Every structure is written in structure tokens, then in C-alpha cells.
Amino acid sequence: MKRRIRNVLIILICSVAAGIFLLTLVFLLPVEAARKHVEESLYEMLEVAEDPEGSAERKEIINLKENFTDCLMVQNALEKVEGQGPLAHAMNIYHYDLGNESTWLTEESLPVFLRRGEEGMYLREYSRYWHGYLVVLKPLLMCMSWVYVEKLLLFVQGGLLLAVLGAAFYRRRAGIGLGVLYTFLFMKPLRIWFSLAMSVCWLITLTAVLVLLLGFDRMETKKRHEEFFLLVGILTAYMDFLTYPVVTLGVPLCVWLVQAGERKGWKETLRQTFWNCACWAVGYVGMWGMKWVAADVICRTGTLRDAVWSVINRTSPLDGYGSVFSGVERTLAAVLGQYDSPLYAIGFWVLFLAALLSVGCRMAKGRSREWGMSAACLAAAALFPVGWLVLTQNHTAIHCIFTFRIMGVSVMALWCMVLCSVQGLDRGTLIRKR
């Protein structure tokens, strides 16, 4: 236990230091080229939507994406506030906005800022998040327009998804690759493909799955799976805007459980599953919390106090209900309401019935304690979205237009229950263990 705690602390502290260093370097970069490239892209980013003769394709892309947050991310990459050094920028993440303290108008503010300057605008900060995406986004905007950034994002996502499918078939784990693809279809992929904000968690998830497919044996031999999930949690907190982060835990965990299969004893499977989840949580919460501490210590801006109140608000009962559980039903309804096509319901219930049938067949013909524990852990993973929305129901309900993607974990878990149940039957390991 002491060794585990020591390793976690070392990795977490080093990650915080590296995160601050990288963001500080980014804010040492000049902004002129990036501002020029974004200004050249304003028509495609925003203004084409109001042009009666504008491209229908671009209008559809704007309707699909989370343009509010994308504009905020872009403007964060363009700021250079007079009198503030790179470290202060890295900790506070400034941007000029036309809106008041509680209402930000990012889509209106970006063109005004670029064409008229900050006069008449309010200086805002967003220090609650790390904004690690700036480590990639700002250098890209210095080299190319926003339209090309979008195309590069689409290319990277498609390449990673194909790499996951290729690695799954190469490792004779085709079912995992197909499960990832099936899960992706339940997350409204077009909105992820064209939106930078919505793609962050999915890119982290695909990368984690790819690493597990290619390096699972080495990771298990060196007993590095806990550190792996710790780093995934850290990276999620560093890069994401609290969109659907539990997916970066749930989907890789399902992949790990399928690969571990029945090679471990049931007690070992339970123990390692618990520690994988715990390490991810420590990485995610610890990295995020350390941003508040670092910003307060370095800049003394009250970030820690503001962040704590924000957490209290986001985890409070929905609409002022007296109990944490009183708003759960409404939150779940809001999340499920995003599945606006009957195809989603059909796809889910077909998968659910397949999971029930495969588990029933395995229990009748060749159950084992090892398989039973894997199936139980997958069933628990399928409930991660419910646990997440209970803990963050206020945020999940308000932003259900994108937080609904947490349900992808349930889809992947059910798919993997089918895989775990069928793979033992396929191998002929029909040994009843009492």
C-alpha cells in the first residue's frame, strides 16, 4: 500500500509540474499568426450561418458542433493580456467577452475581439480548468486556419478509430474493436467528429483502448495497469471541459476486463478492478484539484474558493430539490431524451437481450467463479453513468446535450458481457466450478 501511495503521489506531482510548464511555454508563443488565421476563418466558423447564400454543408457542420465551447477554446488560445506574464496566463486562462459575469457570449465576442480589439469588452478568467488542449491548439492555429484544424481533427479521429479496429483484429480481439464502433454510434459521432470540445474525451478513450490492445501483456507483466488508469484520469482532467469524462474510465476498463478474461482468479479480478477505478478517480480528481491549489498559490486569485463553490453547485440537487436523489429521475430522463431516434432504443434493447441470453447460456453450460466476477465487474461498469449523474446531476441535466454520452459506458459494458460469456464457450472451457 505504501508503494502504491508513493507512486501515485510521484506521478501526480510530476504531472502537475509538467502541466504548468507546458501551458507556460504555450503562452510564451506569439499570438499574431494565430489571430490572423482565426480572423480569416470567421466566415466559416460563424458568419456563414447567417448568409442566405452560404454553403449548406458549412451550416450543417455549425449546427452539429458545440460552437459555443469551440469559440471559447479558440479565443483562449489568442489572448495576450497586457501586464500579465505567461505563468499568470497559464493559471488564469483569460479571455475578453461581451457578456456579463454570469453570461458569456463567446460566438459574438470572438469576431468583435479580433476586428475591433478588447475595447468595451470585459476581461474574464476560467481558472477552474487546466485547458491543456491549448498545448496542441495554439501551435496548430499558428500554422493553419480553423478549417484546416477541423479537417486535421477529423483525420486524427478517423485514424485512431481505424487503428483500434486494426489492432483488435490483429490481436484476435475483433469483438473489442466492433464494440468500440458500436459504442461510438450511440454517442452521435457526427457531433464528436466536427467539434473540438466534444472530441477530447473520445480521443483519450480511443488512445487508451489502443494502448491496452497493443500493450496489455507487457502492462500485466510489469504490473503497470494501475499507473495506466491513473495517467488516463490525469490526462482527462488536463484536457477536458467536464463533457463526458467517465467514458475515459468505463470503456478502457471494459476492454481490460475482456482481455484479462478468466486468466486471473476471481479475487484478483475484483481487487485489480477496484484499484484501476480508484487510480483513475485519484488521477482525475487529484489533477483537477491541484489546478485550483496551484492557481491560488501562484496567483492568489481565489480560484480554490470559487472552484469549491462551483463543485457544490454542480453536485447539488437539481432545481433546489431537498434530496440528492430527488432530481435523479429528471436528470436521467433528460439524458435519455437525447436519443431522439427509435433506432437507439432498438439497438440498446437488442444488445441488452443479447447480454442476458449469453449470460444465461454461460451460467447453464459452463459458469466459473472467474467468469462470474468478470461479468459482475462489467455489470457494475454498466452502472457507472448512473453513479456519475447522481453525483453531478445539476451539471449533467443542464448540459445533457453533450453529457448524455456517458451512456456509452453502459453500451460498451453490455457488449463486453456478451464477449466474456461467449469467448469461454467458444474455447470449449465448459468446466463447472463449485
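Residues numbered from 1 in each chain as written. Predicted model: local features only at pLDDT ≥ 70, side-chain atom pairs only at ≥ 80, totals over all residues. Heavy atoms only, no water.

1. What about unusual backbone geometry?
Negative phi is the rule for most residues except glycine; trans is the rule for most peptide bonds.
In step 1: A positive phi is found at His131, a non-glycine position, where the angle reads about 65°.
In step 2: Note that His131 resides in the loop between strand E2 (122–125) and helix H8 (134–143).
In step 3: With a phi angle near 55°, Lys223 is a residue other than glycine that sits in the positive phi range.
In step 4: With respect to the helices, strands and loops of the structure, Lys223 is situated in the loop between helix H12 (196–221) and helix H13 (225–239).
In step 5: Looking at Lys223, the relative accessible area reads 59%, which means it is exposed. (Helix = DSSP H or I, 4+ residues; strand = E, 2+ residues; numbered from the N terminus. Buried < 20%, exposed > 50% of the residue type's maximum accessible area, 1.4 Å probe, protein only.)

2. Brief notes about the state of the cysteines
In step 1: Summed over all chains, the structure comprises zero disulfides.
In step 2: Cysteine Cys14 is unpaired, with the sulfur of Cys279 as its nearest cysteine sulfur at 16 Å.
In step 3: Its relative accessible area of 48% is what places Cys14 among the partly exposed residues.
In step 4: The closest cysteine sulfur to the non-disulfide-bonded Cys254 is located on Cys416, 4.8 Å from its own sulfur.
In step 5: Cys254 gets classed as buried once you look at its relative accessible area, which sits at 0%. (Disulfide = S-S within 2.5 Å.)

3. A few points about the layout of surface pockets
In step 1: Size it by volume and the second largest pocket reaches roughly 520 Å³.
In step 2: Surrounding the second largest pocket, 22 residues form its lining, Leu336, Phe348, Met407, Ser410 and Leu414 being those nearest its centre.
In step 3: Mapped by element, the contributors of at least two residues to the lining of the second largest pocket are helix H17 (328–336), helix H18 (342–365), helix H19 (369–382) and helix H23 (408–426).
In step 4: Tallying contributions element by element places H18 first for the lining of the second largest pocket, with eight residues.
In step 5: Among the residues making up the lining of the second largest pocket, the classes are represented as 20 nonpolar, two polar and no charged. (1 Å grid on protein atoms, 1.4 Å probe; cavity = no way out; pocket = protein on both sides within 12 Å on 5 of 7 lines; lining within 4 Å. Points joined across faces, edges and corners; volume = space filled by probe spheres on them. Nonpolar A, V, L, I, M, F, W, Y, C, P; charged D, E, K, R; others polar.)

4. Regarding the pattern of salt bridges
In step 1: Inspection of every chain in the model, using the stated rule, returns eight salt bridges.
In step 2: The salt bridge partner of Asp70 is Lys65, with a shortest N-O separation of 3.4 Å. By the burial criterion, Asp70 is buried, and Lys65 matches it.
In step 3: For the salt bridge of Asp340 with Lys188, the shortest nitrogen-to-oxygen distance reads 3.5 Å. Separated by 152 residues along the polypeptide, Asp340 in the loop between H17 and H18 and Lys188 in the loop between helix H10 (174–185) and helix H11 (189–193) bring together distant segments of the chain. (Salt bridge = Lys/Arg side-chain N within 4 Å of Asp/Glu carboxyl O.)

5. Some remarks on the packing of aromatic side chains
In step 1: Here the structure, examined in full by the defined rule, presents 25 aromatic pairs.
In step 2: The interplanar angle of 50° and the centroid separation of 5.4 Å between the aromatic rings of Tyr182 and Phe186 together place this pair among those described as tilted.
In step 3: Judged by its relative accessible area of 22%, Tyr182 is partly exposed.
In step 4: Under the relative-accessibility criterion, Phe186 is labelled buried at 7%.
In step 5: Aromatic pair Tyr339 and Tyr344: ring centres 5.0 Å apart, planes at 65°, arrangement edge-to-face. (Phe/Tyr/Trp six-rings, centres within 6.5 Å; stacked < 30°, edge-to-face > 60°.)

6. Details of a nonpolar patch on the surface
In step 1: Together, Leu87, Met290, Val293, Val297 and Ile298 line one region of the surface with nonpolar side chains, adding up to about 370 Å² of accessible area.
In step 2: Sort the elements by how many residues they give to the nonpolar patch and helix H15 (residues 266–299) lands first, with four residues.
In step 3: Here Ile298 lies in helix H15. (Patch = residues over 30% accessible without salt bridge, like charges linked within 9 Å, V, L, I, M, F, W, Y side chains within 5 Å. Areas by Shrake-Rupley, 256 points an atom, 1.4 Å probe, with all protein chains shown as cover.)

7. Here we look at the nonpolar core
In step 1: With 131 residues, the main nonpolar core has Leu78, Leu110, Leu137 and Leu141 as its most contacted residues.
In step 2: In terms of residue count, the dominant contributor to this core is H12 (16 residues).
In step 3: What Leu141 contacts, discounting residues up to four positions off in sequence, is Ala33, Ala34, His37, Val38, Val74, Ala77, Leu78, Trp146 and Val149. (Core = buried A, V, L, I, M, F, W, Y, C linked by side-chain atoms within 4.5 Å. Contact = heavy atoms within 4.5 Å.)

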